[in-house]
Amino acid sequence: MKRSEINQHIQSGMDFFHSNGFVLPPFAFYGIDDWKQASNCEEIFDLQLGWDVTSFGTGDFCSTGLLLFTLRNGKVDSDKYLKPYAEKNMMVLENQITPRHFHWHKREDIINRGGGNLIIEVWKADKNDKISDQPFSISIDGQLRNCSPGDKLVLHPGESVCFEPYTAHRFYGESGCGPVMVGEVSMVNDDSTDNCFVDGFPRFDPIEEDEAPRYLLASDYTNYLKEN
């Protein structure tokens, strides 16, 4: 993705979260100079808190992509960062696909916090990381629902679903209903070791630096701050 696109999408995310009454922490608005003057940010850097914008390697963010902000996280097997939970807030556009994936370890709740409707297609994977053809059940707001592979769940604002490990899911905003503000409350998040993209999409994009970053991605901290 181009840095100019990332800058634009982060600003759109800020505006969207604000319009839905979701208040981000102060560091969400830091530019590079703000970060360089800030102190005691080691936890933010180590746990990759902050902005994440990806097109999953497609270069077409509006068709296949996701904007999210990680608010809190822990670290597996760490004596320093003991939180066993994580939280994210996401902006999902109409028909903007997050490709089918599952987690080997993470259990997560996906919550429609406002805006349009969230469509989630669901499957179950087996221990060989293959999609199963067997039926399964999912908890939606505490009520079990029996599902078949590929079933579509529709989460309206206020509704949520719990995904156990090995539950593959693909989601996007329902056409004609506007973008969706999506929350994720989960066990510790580790994007580098606990994502299985069933159809082969990469989690992160290479960045074309066509302009300076207005706000940093969590993946930018090392390049722009920790070496300086």
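Remember, predicted model here, so these are calculated numbers, not experimental data.

Novice: Residue-level account of the packing of aromatic side chains, with values.
Specialist: Per the counting criterion, the structure on display carries 13 aromatic pairs. Residue placement shows Arg100 over the ring face of Trp123; its charged tip is 4.6 Å from the ring centre. If you follow Arg203 out to its NZ or CZ, it ends over the ring of Phe204, 4.6 Å from the centre.

Novice: Hey, could you go over the pairing of strand β1 (residues 50-54) for me, with residue numbers and the actual values?
Specialist: Taken across its five residues, β1 has five buried, putting it largely inside the fold. In this structure, β1 lies alongside strand β2 (residues 66-72), joined through five bridges in antiparallel fashion. The residue of β2 that forms the bridge with Gly50 is Thr70.

Novice: Tell me about the pairing of strand β10 (residues 160-163), and name the residues and values.
Specialist: Residues Ser160 and Cys162 line one face of β10 and the alternating positions Val161 and Phe163 line the opposite face, and both faces are buried. Where strand β7 (residues 136-140) meets β10, two bridges bridge the pair, whose relative direction is antiparallel. By the bridge assignment for β10, Ser139 is matched with Cys162.

Novice: Could you give an account of the side chain of Ser186, with specific residues and numbers?
Specialist: Along the chain, Ser186 turns up in strand β12 (residues 180-187). Sequence-distant contacts of Ser186, defined by excluding residues within four places in its chain, comprise Pro84, Tyr85, Ala86, Lys106, Arg107 and Glu108.

Novice: Can you break down unusual backbone geometry residue by residue, with the values?
Specialist: Of note in this structure, Asn40 is not a glycine but carries a positive phi near 55°. Note on placement: Asn40 falls in the loop between α2 (32-37) and α3 (42-46). Residue class for Asn40 comes out exposed when judged on its relative accessible area of 78%. One non-glycine residue, Phe56, lies in the positive phi region at around 55°. Residue placement: Phe56 occurs in the loop between β1 and β2.

Novice: Explain the pattern of salt bridges residue by residue, including any values.
Specialist: Under the definition given, this model contains 13 salt bridges. Among the salt bridges present, the one from Lys83 reaches Glu43, with a minimum N-O distance of 4.0 Å. One end of the pair, Lys83, is in the loop between β2 and β3 (85-92); the other, Glu43, is in helix α3, with 40 residues separating them in the sequence. By relative accessible area, Lys83 is classed as partly exposed at 29%. A relative accessible area of 34% places Glu43 in the partly exposed class. Several salt bridges share partner residues, and in doing so they unite Arg3, Glu209 and Asp220 into one network.

Novice: How would you summarise the environment of Cys41 if you had to cite specific residues and measurements?
Specialist: Its place among the elements puts Cys41 in the loop between α2 and α3. Look at Cys41 and you get buried, because its relative accessible area is 10%. C-alpha separation for the pair Cys41 and Ala168, spaced 127 residues apart in sequence, amounts to 34 Å.

Novice: Run through the environment of Arg214, naming residues and quoting values.
Specialist: Relative to the helices and strands, Arg214 is located in the loop between β13 (196-197) and α4 (221-226). The class of Arg214 is partly exposed, set by a relative accessible area of 41%. Considered as a pair, Arg214 and Ile32 are 182 residues apart in the sequence and their alpha carbons are 7.6 Å apart. Excluding anything up to four places from it in sequence, Arg214 contacts Asn7, Gln11, Tyr30 and Gly31.

Novice: Go over the side chain of His101, please, and point to the residues and values.
Specialist: Within the element layout of this structure, His101 appears in strand β4 (residues 98-102). Side-chain polar atoms of His101 contact the backbone oxygen of Pro99, separated by 2.8 Å. Beyond its immediate chain neighbours, meaning those up to four positions away, His101 contacts Thr167, Ala168, His169, Phe171, Asn195, Cys196, Phe197 and Val198.

Novice: Before we move on, can you summarise the nonpolar core with the specific residues and values?
Specialist: One finds Ile10, Phe17, Trp35, Ile44, Trp51, Val53 and Tyr221 to be the most contacted residues of the largest nonpolar core, which totals 32 residues. For this core, the secondary structure elements donating two or more residues are α1 (3-19), α3, β1, β2 and α4. Not counting the four nearest positions on each side in its chain, Trp35 is found in contact with Phe27, Tyr30, Cys41, Ile44, Phe45, Leu216, Tyr221 and Leu225. Residues Leu66, Val92, Leu153 and Phe163 belong to the second largest nonpolar core, which totals 21 residues.

What counts as what
Residues numbered from 1 in each chain as written. Predicted model: local features only at pLDDT ≥ 70, side-chain atom pairs only at ≥ 80, totals over all residues. Heavy atoms only, no water. Phe/Tyr/Trp six-rings, centres within 6.5 Å; stacked < 30°, edge-to-face > 60°. Lys NZ or Arg CZ within 6 Å of the ring centre and 35° of its normal. Buried < 20%, exposed > 50% of the residue type's maximum accessible area, 1.4 Å probe, protein only. Helix = DSSP H or I, 4+ residues; strand = E, 2+ residues; numbered from the N terminus. Pairing = 2+ DSSP bridges. Contact = heavy atoms within 4.5 Å. Salt bridge = Lys/Arg side-chain N within 4 Å of Asp/Glu carboxyl O. Polar contact = N/O pair within 3.5 Å; in protein donor to acceptor, adjacent residues only side chain to side chain. Core = buried A, V, L, I, M, F, W, Y, C linked by side-chain atoms within 4.5 Å.

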